[in-house]
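Breakdown of the fold
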Amino acid sequence: GENVEQHPSTLSVQEGDSAVIKCTYSDSASNYFPWYKQELGKRPQLIIDIRSNVGEKKDQRIAVTLNKTAKHFSLHITETQPEDSAVYFCAASGSDYKLSFGAGTTVTVRA
Amino acid sequence: KAGVTQTPRYLIKTRGQQVTLSCSPISGHRSVSWYQQTPGQGLQFLFEYFSETQRNKGNFPGRFSGRQFSNSRSEMNVSTLELGDSALYLCASSLSLENEQFFGPGTRLTVL
């Protein structure tokens, strides 16, 4: 089955700086890669996703890149703000009817 | 459109008891997935249902089971509860697994 690894587990950045989270996956058949943000005490919510036929996708300050050959994808947050502080999860979905999540990255934005 | 709802929101049980959690997906969503979330463990996949059929099951013991009804509502059951079953149980619904999964608020289960 799919195995998703996520790094780093914690990330502290100065407000205004960029944050990058990286994930690798094992199943070459995976074709859908969402990123979820979970604020303290709240449910995970989708912030951006990418499909295997696209190499990069951007939405305002958030961007995701996908390298199918290397089987890794990354989340980039630019101009970080205090409200970006949360736990971020990457995930991958393939042919096994399962969305596999990474272990999460706790992002802290220092004012 | 109403979001995903889960009942109950909080539950306290003792070891050896059993529990049933309920999830009502967004109208029109036929895929329902269940996850266990514990501190530092991320979201561990339990199972996924689509049109009343379980299509995949995670690496959990047989004490964890589930089902889906014809209206797409889903239940999960945990029998013979253990202390380690204390966790937040989240369900998520989607049109398919290649579309956004919408999470419910979760059921916080505490086993004493």
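Here the structure is a predicted model, which is why all the values come from computation and not from measurement.

Considerations on the pattern of salt bridges
All names here are of chain B. This structure, assessed with the given rule, holds nine salt bridges over all chains. Close ionic contact of Arg55 with Glu48 constitutes a salt bridge, the shortest N to O distance being 2.8 Å. By relative accessible area, Glu48 is classed as buried at 0%. With a closest N to O distance of 3.2 Å, Glu75 and Arg73 form a salt bridge.

Brief notes about the interface of chain B and chain A
Listed as interface residues are 18 residues of chain B and, on the opposing side, 16 residues of chain A. Counting the surface chain B buries against chain A, the share from its top three residues, Leu97, Glu98 and Phe103 of chain B, is 32%. Seen at the junction of chain B and chain A, the total is zero salt bridges. Counting residues per element, the ones that place at least two in the side of chain B that touches chain A are β4 (31-38), β5 (42-50) and β6 (53-57) of chain B. Broken down by element, the side of chain B that touches chain A gets its largest block of residues, four residues, from β5 of chain B. Split into classes, the residues belonging to the side of chain B that touches chain A amount to eight nonpolar, six polar and four charged.

Some remarks on the state of the cysteines
Where two cysteines share a covalent bond between their sulfur atoms, that bond is called a disulfide. Residues and elements named next belong to chain A. Applying the stated criterion across every chain, the model contains two disulfides over all chains. Between the sulfur atoms of Cys23 and its disulfide partner Cys90 the distance amounts to 2.0 Å. As the torsion about the S-S bond is roughly -100 degrees, the Cys23-Cys90 disulfide counts as left-handed. On the criterion of sequence distance, the pair formed by Cys23 in strand β3 (residues 19-25) and Cys90 in strand β9 (residues 86-93) is long-range, its members being 67 residues apart. You can call Cys23 buried: its relative accessible area is 1%.

Considering the nonpolar core
Counting 24 residues, the largest nonpolar core has Trp35, Phe73, Leu75 and Tyr88 of chain A as its most contacted members. Secondary-structure elements contributing two or more residues to this core are β2 (10-14), β3, β4 (32-38), β5 (45-51), β7 (62-67), β8 (72-77), β9 and β11 (105-110) of chain A. Apart from residues lying up to four places away in sequence, Tyr88 of chain A is in contact with Gln6, Ile21, Tyr36, Lys37, Ile47, Leu75, Ile77, Gly104, Thr105 and Val107 of chain A. Among the nonpolar cores identified, the runner-up in size contains 21 residues, and Phe60, Val78, Leu81 and Val111 of chain B belong to it.

Digging into the sheet that holds strand β1 (residues 5-7) of chain B
Residue and element names in this part refer to chain B. The strand order across the open sheet built from four strands is β1-β3-β8-β7, with neighbouring strands paired in antiparallel fashion. At either margin of the open sheet sits one strand with a lone partner, and together these are β1 and β7 (64-68). Across the sheet, the axes of successive neighbouring strands diverge by a mean angle of 20 degrees, strand direction being ignored. Of the pairings in the sheet, the one linking strand β3 (residues 19-24) to strand β8 (residues 74-78) comprises five bridges and is antiparallel in character. Following the sheet pairing, Leu21 is matched in β8 by Met76.

Some remarks on the layout of surface pockets
The computed volume of the largest pocket comes to approximately 610 Å³. Taken together, 26 residues line the largest pocket, and the ones lying closest to its centre are Gln38 and Gly41 of chain A together with Gln37, Leu88 and Arg108 of chain B. For the lining of the largest pocket, the secondary-structure elements that each account for two or more residues are β9 of chain A together with β4 of chain B. Residues belonging to the lining of the largest pocket are distributed by class as follows: eight nonpolar, 13 polar and five charged. Put simply, the second largest pocket is a space of about 310 Å³. In this structure, the second largest pocket is lined by 17 residues; those nearest its centre are Lys98 and Phe101 of chain A together with Leu43, Gln44 and Phe45 of chain B. Residue assignment for the lining of the second largest pocket shows that the elements contributing at least two residues are β10 (99-101) of chain A together with β5 of chain B.

Conventions and cut-offs
- Residues numbered from 1 in each chain as written.
- Chains lettered and ligands numbered in written order.
- Predicted model: local features only at pLDDT ≥ 70, side-chain atom pairs only at ≥ 80, totals over all residues.
- Heavy atoms only, no water.
- Salt bridge = Lys/Arg side-chain N within 4 Å of Asp/Glu carboxyl O.
- Buried < 20%, exposed > 50% of the residue type's maximum accessible area, 1.4 Å probe, protein only.
- Contact = heavy atoms within 4.5 Å.
- Buried area = accessible area lost by both parts, 1.4 Å probe.
- Helix = DSSP H or I, 4+ residues; strand = E, 2+ residues; numbered from the N terminus.
- Nonpolar A, V, L, I, M, F, W, Y, C, P; charged D, E, K, R; others polar.
- Disulfide = S-S within 2.5 Å.
- Core = buried A, V, L, I, M, F, W, Y, C linked by side-chain atoms within 4.5 Å.
- Pairing = 2+ DSSP bridges.
- Axes fitted to C-alpha atoms, helices over the stretch in contact; angles between N-to-C directions.
- 1 Å grid on protein atoms, 1.4 Å probe; cavity = no way out; pocket = protein on both sides within 12 Å on 5 of 7 lines; lining within 4 Å.
- Points joined across faces, edges and corners; volume = space filled by probe spheres on them.

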